Amino acid sequence: MEPTIAELTKELAETRQLVLSGQTALNIVWTLVTGFLVMFMQAGFALVETGLTRAKNVAHTMGMNLLVYSIGVIGFWIMGFALQMGGVGALATFGNDPTLSSELVVHIGGKEFGLFGLHGFFLSPAVYTAPVAALFLFQMVFMDTAATIPTGAMAERWKFTSFVLFSFVLSAIMYPIYANWVWGGGWLSQLGHNYGLGHGHVDFAGSSVVHMVGGVAALVGAKMMGPRIGKYDRNGKAVPIPGHNIPMAVLGTFILAFGWFGFNPGSTLSGTDTHIAVIAVNTMLASASGAFGAYLYLKNRFGAPDVSMLCNGMLAGMVAITAPCAFVTAPAAIFIGLVAGVLVVVSAMFIENVLKIDDPVGASSVHGTCGAWGILSLGLFADGRYGDGWNGVPGPVRGLFYGDPSQFGAECIGLLANVVWVGAVTFLTLKAVGWLVGNRVSAGTELNGLDVPEMGMEGYSTEPLPE
Amino acid sequence: MEPTIAELTKELAETRQLVLSGQTALNIVWTLVTGFLVMFMQAGFALVETGLTRAKNVAHTMGMNLLVYSIGVIGFWIMGFALQMGGVGALATFGNDPTLSSELVVHIGGKEFGLFGLHGFFLSPAVYTAPVAALFLFQMVFMDTAATIPTGAMAERWKFTSFVLFSFVLSAIMYPIYANWVWGGGWLSQLGHNYGLGHGHVDFAGSSVVHMVGGVAALVGAKMMGPRIGKYDRNGKAVPIPGHNIPMAVLGTFILAFGWFGFNPGSTLSGTDTHIAVIAVNTMLASASGAFGAYLYLKNRFGAPDVSMLCNGMLAGMVAITAPCAFVTAPAAIFIGLVAGVLVVVSAMFIENVLKIDDPVGASSVHGTCGAWGILSLGLFADGRYGDGWNGVPGPVRGLFYGDPSQFGAECIGLLANVVWVGAVTFLTLKAVGWLVGNRVSAGTELNGLDVPEMGMEGYSTEPLPE
Amino acid sequence: MEPTIAELTKELAETRQLVLSGQTALNIVWTLVTGFLVMFMQAGFALVETGLTRAKNVAHTMGMNLLVYSIGVIGFWIMGFALQMGGVGALATFGNDPTLSSELVVHIGGKEFGLFGLHGFFLSPAVYTAPVAALFLFQMVFMDTAATIPTGAMAERWKFTSFVLFSFVLSAIMYPIYANWVWGGGWLSQLGHNYGLGHGHVDFAGSSVVHMVGGVAALVGAKMMGPRIGKYDRNGKAVPIPGHNIPMAVLGTFILAFGWFGFNPGSTLSGTDTHIAVIAVNTMLASASGAFGAYLYLKNRFGAPDVSMLCNGMLAGMVAITAPCAFVTAPAAIFIGLVAGVLVVVSAMFIENVLKIDDPVGASSVHGTCGAWGILSLGLFADGRYGDGWNGVPGPVRGLFYGDPSQFGAECIGLLANVVWVGAVTFLTLKAVGWLVGNRVSAGTELNGLDVPEMGMEGYSTEPLPE
């Protein structure tokens with residue numbers, strides 16, 4: 001028997017609802033899978049940092065990289081997530097979600113400036129829906145990427161207890177508040193709406209939010225910690241302290257490059273947005289030209305390509321493309337990576353030889369310097385292919401070379417805000433933590449290796465003799 | 001020209017069919033991708049076990065971890081899959097599948113009790129459809145997780161041939177039959193239907209099915225194998241035998257934590273069930289509080305956090321949340337992990353010092369003890385948010401603290417059945433295998449390392465001199 | 001108010017469009033995620049090759065494996081992708097894509113023979129759509145798998161600059177042109193249409209396109225490079241040079257096995273084709289029987305199972321199943337892997353002892369010999385379950401044992417074309433590169449290790465003494 005129009009209408013509405021549920025499901029699957037990839041980057045950081053430092057400290061360096069994940073999850077669960085995303089609720093890509101949102105807002109000159117969220121502490125049962133959980137997981141692993149960066153710069157001398165306390169502050173307060181400003185509806189995202197500066201501070205996947213937060217904290221921390229014993233000779237000249245295990249560093253780099261395919265394409269939070277493919281390829285192109293740029297520079301300048309710097313070159317390319325990955329052409333991605341690959345080498349030498357700051361793994365250069373380059377490059381090369389309506393501003397995102405100098409201005413403001421906020425909070429936190437428990441191990445501990453005194457074990461153990 | 005009602009109806013039906021096919025496809029994609037992640041956990045186990053044992057046995061320990069995957073696939077292909085899932089056919093989430101199913105059932109007191117399946121041997125062409133293949137892959141990697149656990153507990157002294165034979169029995173018979181009882185429609189899943197004990201024995205992703213099977217076999221095996229030479233001094237006091245490579249153990253732990261995001265959320269077998277996001281976050285929270293619980297306990301008790309125990313703490317948290325991950329709140333997940341992180345340290349010391357059983361990597365504690373805690377915690381903390389109709393019992397799953405003490409009872413029965421079945425089969429199998437080929441290498445082999453005598457090679461080789 | 005028929009029709013059409021967009025999205029998500037897994041195989045190759053070679057060359061071996069990814073991306077971006085896929089545009093599974101396509105075609109005897117594509121150089125903005133980007137990423141990581149294979153065979157003596165230049169040629173020209181012949185609409189794919197040879201040369205995921213290209217280049221390269229100093233004694237008898245780190249090789253093997261779940265199932269380029277589950281299980285079965293076949297053979301012949309050969313056995317099984325994975329039954333997959341696991345051992349001994357070619361990691365046997373076996377096994381065992389309409393030929397793909405001997409013929413032709421093309425281009429390229437910069441390091445460099453002279457650093461560094 002033929003159905004009536006009313007029956008058909010009802011059936012069609014049900015079918016349409018099934019389709020929309022399927023889209024939501026695909027978006028959640030995508031966000032989770034890419035979030036898992038980003039989580040795996042923790043292993044990459046652990047390997048790069050441990051490979052590029054010395055054998056006597058491997059248990060300590062690995063221990064920091066392991067526990068920072070744990071600390072990060074707990075700090076973000078207690079309050080970081082609420083501060084960061086409490087103002088926006090669950091996002092539209094995840095379908096309708098009744099979660100409330102609340103943001104602390106100040107009014108200046110008749111305009112609103114969001115400071116941080118106020119909703120979602122402890123993931124209480126009332127907010128713990130599937131969309132909120134997906135958002136929590138993805139934002140958490142991003143935060144923890146930032147949290148693990150300073151452990152490289154302060155490696156081989158950082159007291160473990162100080163590391164624990166500092167990492168809690170980073171994950172619960174420092175990162176989430178800056179992330180709120182850019183991704184949680186805060187004031188940097190409102191620069192376009194409020195002052196006509198492009199689409200406000202745009203950072204697709206975190207050149208500033210993730211990498212500069214980690215990189216600036218790394219630089220300030222390494223400066224405050226002081227150089228490792230023996231890093232500078234009596235004339236103040238830097239002495240190379242090579243890493244103990246290059247295969248470890250290369251494996252870590254590959255794991256990071258693998259995870260970055262979660263980092264950047266996953267930041268759509270949407271598997272139904274097919275632009276993920278372009279984002280993935282831009283990320284791949286910049287990683288390649290980053291490593292190749294470093295190779296060409298090293299080969300020409302030193303005659304041989306130090307493999308640890310090839311690793312840093314690849315990472316530099318990916319850090320730089322993180323902000324602009326959705327907004328630029330393929331040749332621009334190649335160019336951005338190439339510049340980053342050279343920049344990271346130059347920056348590492350500058351920090352070591354001119355600033356006299358001892359950053360054992362080059363974290364400040366990889367994540368700080370190249371994160372800044374990434375943010376600026378978005379402001380230069382965004383070509384209007386993507387981002388229509390971003391941060392509530394109509395039209396796609398365009399950089400200086402494509403007709404919108406004000407977008408470049410918004411990028412610069414976000415960059416400065418990052419340096420000021422992260423620099424200040426890092427300084428104050430390390431001062432406070434140092435006063436509480438001390439930041440640096442004793443000279444004896446440092447010379448003999450941190451593994452036994454700080455972790456109660458050796459990282460590489462030889463066998464006890466049989467009786 | 002306007003279509004007729006009949007044409008519209010047909011077109012709508014076709015469209016609806018497309019939607020349903022899309023859902024099936026998403027479910028299969030999800031099941032495969034998460035299954036791949038679980039397969040990758042084999043690498044994690046290999047690294048943790050090898051890192052926590054001695055350099056002279058690395059080829060042997062790695063060789064067991066490599067070949068157990070191979071053995072497991074073959075044993076499961078021959079008969080394990082049929083015994084486990086032969087009674088249920090392909091699941092509804094994968095769409096309509098015409099595969100037949102058949103289960104050996106005994107009748108006691110007018111009630112039916114499933115014992116094992118009888119369909120799907122050798123994946124013959126008649127059953128080898130896409131849904132069956134997806135189910136096979138996912139169940140296979142779960143089984144192999146269990147199969148690889150005992151290799152850690154019996155490491156550094158287990159004869160390779162004995163390991164091969166034992167692993168075949170585990171993968172073809174021992175694991176599949178217990179898994180049938182819980183997941184294949186067998187008698188433990190019928191406890192609710194038959195006796196009103198909650199929803200029967202519920203184990204979302206395998207705290208008992210996977211981890212306790214591995215952990216109980218590990219404990220019984222390590223006891224039967226006896227301690228490594230030199231593990232106990234002449235007064236019977238345990239002597240620490242530290243692992244040779246902590247970075248390896250930490251990398252393995254991260255790989256396991258990465259794979260666990262396949263393990264738990266994948267167990268929905270459905271990407272259209274958005275609850276996967278909540279499951280993933282609960283898993284993350286418990287992994288973090290597991291490591292942090294171990295840190296706090298170790299720091300307070302011993303003054304320094306042994307990194308190998310931080311690894312075990314993280315693993316313990318994940319083992320424990322495996323059963324209840326879909327059924328509990330975020331704070332409960334944190335609590336379950338925290339308890340597991342302490343429990344794993346206490347249990348390891350108890351097994352080593354009181355039971356005098358030498359389990360080199362702590363597999364019995366991580367998977368056995370914390371697996372048991374996970375199963376019990378489901379019976380305590382399930383809050384009624386999920387599981388409506390589970391095992392054919394109406395209403396969601398609730399634990400003791402949320403109004404259903406009988407659910408806790410069903411968990412206890414499943415736990416006891418696990419210990420009895422796995423303990424007995426392990427004992428009998430190792431006895432038989434020992435009689436056939438011997439279980440333990442000679443003292444000389446053990447003292448000099450198993451690599452050359454058992455594997456014909458060194459695990460770490462120095463270079464032969466050039467002529 | 002009830003809608004009119006016209007309104008319903010419009011709404012239904014929109015809903016249907018949403019469904020189709022969702023399918024495209026799922027296909028792109030699947031292609032990207034599996035592509036990421038394949039990219040991660042680079043880490044697996046790096047570990048296997050470095051683990052199976054000597055400690056004094058780890059920075060060099062790792063450096064080649066790292067930079068080959070970078071070189072490959074750039075070479076493929078410049079021209080490789082255009083040569084390979086420029087003739088087919090974006091594929092139908094990714095939805096309608098307006099990308100133009102263009103192929104260089106020659107006419108012989110009234111038939112068309114495609115030689116290479118002419119569209120898509122530099123991924124210029126005009127072609128850089130989401131479908132093209134997804135296709136680029138997936139094809140790029142396949143190419144780079146081939147590119148990384150020769151680095152193992154020429155390890156421990158290959159001049160780094162020569163490696164860089166050779167790899168550019170491989171990624172930009174050599175691989176893409178053969179891949180065009182099979183996957184890009186070229187003449188090998190037209191053998192069925194033109195001459196009635198089955199469905200033309202069929203290679204589901206690359207036993208010939210990827211593995212034989214890498215394996216033949218490896219064999220020719222290792223022959224031209226000559227054996228490592230000390231590999232053959234004064235009587236010409238091969239001297240074993242064991243790898244320095246078995247755990248590294250096993251980890252690499254697991255990473256490769258993990259990535260292969262992207263390699264084979266991903267080659268549908270479609271997540272809506274549920275046959276991906278069957279493909280994944282066939283891959284798993286052959287990997288297992290490959291390792292187990294090697295185990296049985298080694299155990300019987302030598303008394304102990306060399307773990308490095310167990311690794312190669314697992315890889316051999318996967319290489320072999322790569323071509324036929326979509327077309328064969330489960331028992332056939334087991335058989336194909338089992339044969340490969342034995343074949344790889346026999347082939348490695350033959351190449352080393354009879355051909356006197358020194359391939360340090362056995363790449364020629366794993367990828368060349370077993371790649372050839374894989375291609376032939378498709379021509380034997382394809383059972384007609386899949387591939388209806390493949391390469392424009394109606395009906396499913398059937399091998400010799402299932403009624404179509406001409407399919408076996410097409411496989412043989414593709415195999416021969418591979419050996420001739422890859423052999424010739426490798427020979428000519430290495431000759432040219434050798435003339436330009438030299439292919440082999442000096443004897444002194446080789447004896448002392450390539451790390452310091454070629455890479456300017458040590459791979460394993462001991463600590464400088466504190467002042």
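Residues numbered from 1 in each chain as written. Chains lettered and ligands numbered in written order. Predicted model: local features only at pLDDT ≥ 70, side-chain atom pairs only at ≥ 80, totals over all residues. Heavy atoms only, no water.

Asker: What is the right way to read the overall build of chain A from this model?
Answerer: Summing up its helical and strand segments, chain A has 14 helices and two strands in all. For 467 residues, the compact-globule estimate of 2.2 N^0.38 gives 23 Å, and the C-alpha radius of gyration of chain A, at 23 Å, lies within 12% of that figure. For chain A, the spread of C-alpha atoms along the principal axes amounts to about 90 × 55 × 55 Å. Per-residue burial over chain A gives 67% buried out of 467 residues. Of the contacts made within chain A by residues no fewer than 6 positions apart, 78% connect residues no fewer than 24 positions apart. In the structure as shown, chain A presents an accessible area of about 13600 Å², 65% of it carried by carbon and sulfur atoms. Counting 19 positive and 27 negative side-chain charges, chain A places the centres of these two groups 15 Å from one another. (Helix = DSSP H or I, 4+ residues; strand = E, 2+ residues; numbered from the N terminus. Rg over C-alpha atoms; globule rule 2.2 N^0.38 Å. Buried < 20%, exposed > 50% of the residue type's maximum accessible area, 1.4 Å probe, protein only. Contact = heavy atoms within 4.5 Å. Areas by Shrake-Rupley, 256 points an atom, 1.4 Å probe, with all protein chains shown as cover. Lys, Arg positive; Asp, Glu negative; His and termini not counted. Charge placed at Lys NZ, Arg CZ, Asp CG, Glu CD.)

Asker: So what exactly am I meant to see when it comes to the nonpolar core here?
Answerer: Across soluble globular proteins, nonpolar side chains have a tendency to be buried as a group. Tyr175(A), Leu285(A), Leu285(B) and Leu285(C) are the most contacted members of the largest nonpolar core, which has 470 residues in total. Other than its neighbours up to four places away in sequence, Leu285(A) contacts Ala330(A), Ala333(A), Ile334(A), Val73(C), Trp77(C), Leu123(C), Tyr128(C) and Phe136(C). One finds Ile5(B), Leu12(B), Ile5(C) and Leu8(C) within the second-largest nonpolar core, a separate group that totals nine residues. (Core = buried A, V, L, I, M, F, W, Y, C linked by side-chain atoms within 4.5 Å.)

Asker: Help me out: how do you make sense of the relation of the copies chain C and chain B in this one?
Answerer: What connects the two chain copies is a rotation about an axis and a shift along it. Structural alignment of chain C on chain B gives an RMSD of 0.0 Å, achieved by rotating through 120° and translating 0.0 Å along the axis. What the rotation and shift describe, once combined, is the action of a three-fold rotation axis. For chain C, the residue whose C-alpha comes nearest the rotation axis is Val19(C), separated from it by 3.7 Å. Counting the interface residues of chain C, we find that no more than 17% of their copies in chain B are interface residues as well, pointing to two distinct contact surfaces. (Least-squares fit on C-alpha atoms with pLDDT ≥ 70 in both.)

Asker: When you look at the interface of chain C and chain A in this model, what are you seeing that I'm missing?
Answerer: Interface size is often expressed as the accessible area that is lost when the parts come together. Residue-level contacts link 71 residues of chain C with 68 residues of chain A. Carbon and sulfur atoms supply 80% of the area buried between chain C and chain A, which totals about 5600 Å² over both sides. Contact with chain A buries surface across chain C, with Phe36(C), Leu66(C) and Tyr128(C) losing the most and accounting together for 13% of the total. The tally of links from chain C across to chain A stands at one salt bridge. One salt bridge connects Glu11(C) with Arg16(A), and the closest N-O pair in it is separated by 3.7 Å. (Buried area = accessible area lost by both parts, 1.4 Å probe. Salt bridge = Lys/Arg side-chain N within 4 Å of Asp/Glu carboxyl O.)

Asker: Can you help me understand the relation of the copies chain C and chain A in this one?
Answerer: Mapping chain C onto chain A leaves a residual RMSD of 0.0 Å; the transformation is a rotation of 120° accompanied by 0.0 Å of translation along its axis. Each copy contacts the other with its own distinct surface, as only 15% of the interface residues of chain C are interface residues in chain A too.

Asker: I'm lost on the side chain of Thr31(A) in this one. Help?
Answerer: All names here are of chain A. Looking at where Thr 31 falls in the secondary structure, it is placed in helix α1 (residues 5-51). One polar contact links the side chain of Thr 31 to the main-chain carbonyl oxygen of Leu 269, over a distance of 3.3 Å. Apart from residues lying up to four places away in sequence, Thr 31 is in contact with Phe 94, Ala 134, Phe 138, Leu 269 and Ser 270. (Polar contact = N/O pair within 3.5 Å; in protein donor to acceptor, adjacent residues only side chain to side chain.)

Asker: For this particular structure, what's the right way to read the interface of chain C and chain B?
Answerer: The interface is formed by 69 residues belonging to chain C together with 71 residues belonging to chain B. Between the two partners, chain C and chain B, sit eight residue pairs in polar contact (both at pLDDT 80 or more). Among the secondary structure elements, those contributing two or more residues to the side of chain C that touches chain B are α1 (5-51), α7 (246-263), α8 (276-302), α9 (307-322) and α10 (330-353) of chain C. Along the lines of polarity and charge, the residues of the side of chain C that touches chain B split into 45 nonpolar, 16 polar and eight charged. (Nonpolar A, V, L, I, M, F, W, Y, C, P; charged D, E, K, R; others polar.)

Asker: Hey, could you run me through the packing of helix α1 (residues 5-51) of chain B against α7(C) in this one?
Answerer: Each pair of packed helices can be summarised by the angle the axes make with each other and by the distance between the axes. The contact between α1(B) and α7(C) brings their axes to 9 Å, and the two run at 175°. Taken together, the axes of α1(B) and α7(C) lie roughly antiparallel to each other. Contacts between α1(B) and α7(C) involve Phe36(B), Leu37(B), Met39(B), Phe40(B), Gln42(B), Ala43(B), Ala46(B), Leu47(B) and Thr50(B) from the first element and Pro247(C), Leu251(C), Phe254(C), Ile255(C), Ala257(C), Phe258(C) and Phe261(C) from the second. Residues belonging to the contact of α1(B) with α7(C) are distributed by class as follows: 14 nonpolar, two polar and no charged. (Axes fitted to C-alpha atoms, helices over the stretch in contact; angles between N-to-C directions. Parallel < 35°, antiparallel > 145°, perpendicular 65-115°, else oblique.)

Asker: What's the story with helix α9 (residues 307-322) of chain A in this structure? I'm lost.
Answerer: An α-helix turns once every 3.6 residues. As a result, residues three or four positions apart point the same way. Its 16 residues place the ends of α9(A) 23 Å apart at the C-alpha level, agreeing with the 22 Å of an ideal helix rising 1.5 Å per residue. With 16 of its 16 residues buried, α9(A) lies for the most part within the structure. (Expected span 1.5 Å × (residues − 1).)

Asker: So what exactly am I meant to see when it comes to the packing of aromatic side chains here?
Answerer: Aromatic ring pairs: the centre-centre distance and the angle between the two ring planes describe each pair. By the definition in use, this model includes 90 aromatic pairs over all chains. Taking 5.5 Å as the distance between ring centres and 55° as the angle between the ring planes, the aromatic pair formed by Trp181(B) and Trp187(B) counts as tilted. Ring pairing ties together the aromatic residues Trp158(A), Phe160(A), Phe163(A), Phe166(A), Phe168(A), Phe292(B) and Tyr295(B), which thus form one cluster. (Phe/Tyr/Trp six-rings, centres within 6.5 Å; stacked < 30°, edge-to-face > 60°.)

Asker: I would appreciate a short explanation of the pattern of salt bridges in the present structure.
Answerer: Working definition: two side chains of opposite charge can pair if their charged atoms are close together. According to the stated counting rule, one finds 24 salt bridges over all chains in the structure shown. Residues Arg385(B) and Asp383(B) are paired through a salt bridge, measuring 3.3 Å at the closest nitrogen-oxygen approach. Salt bridges sharing common partners tie together Arg54(A), Glu156(A), Arg228(A) and Asp358(A).

Asker: Help me understand the confidence of the model for chain A in this model?
Answerer: Regions with low pLDDT should not have their predicted coordinates read in detail. When pLDDT is averaged along chain A, the result is 95; 97% of the residues meet or exceed 70. Model confidence for the complex: the whole-complex pTM is 0.98, and ipTM, which rates the interface, is 0.97. (pLDDT = per-residue confidence, 0-100.)

Asker: What am I meant to see in helix α6 (residues 207-225) of chain C here?
Answerer: Residue and element names in this part refer to chain C. Its 19 residues give α6 an end-to-end C-alpha distance of 25 Å, which sits within 8% of 27 Å, the value for a rise of 1.5 Å per residue. The sharpest bend along α6 measures roughly 25° and falls at Val 213. Counting buried positions over the 19 residues of α6 gives 15, a clear majority of the element. Note on α6: the residue one or two positions beyond its end, Gly 226, has a positive phi of about 80°. (Bend = angle between axes of the 7 residues up to and from the residue.)

Asker: Help me understand the environment of Val452(A) in this model?
Answerer: Residue and element names in this part refer to chain A. Inspection of the secondary structure puts Val 452 in helix α14 (residues 451-455). By relative accessible area, Val 452 is classed as partly exposed at 48%. Along the chain, Val 452 and Gly 243 lie 209 residues apart, while their C-alpha atoms are 20 Å from each other. Excluding residues within four positions of it along the chain, Val 452 makes contact with Met 457 and Glu 458.

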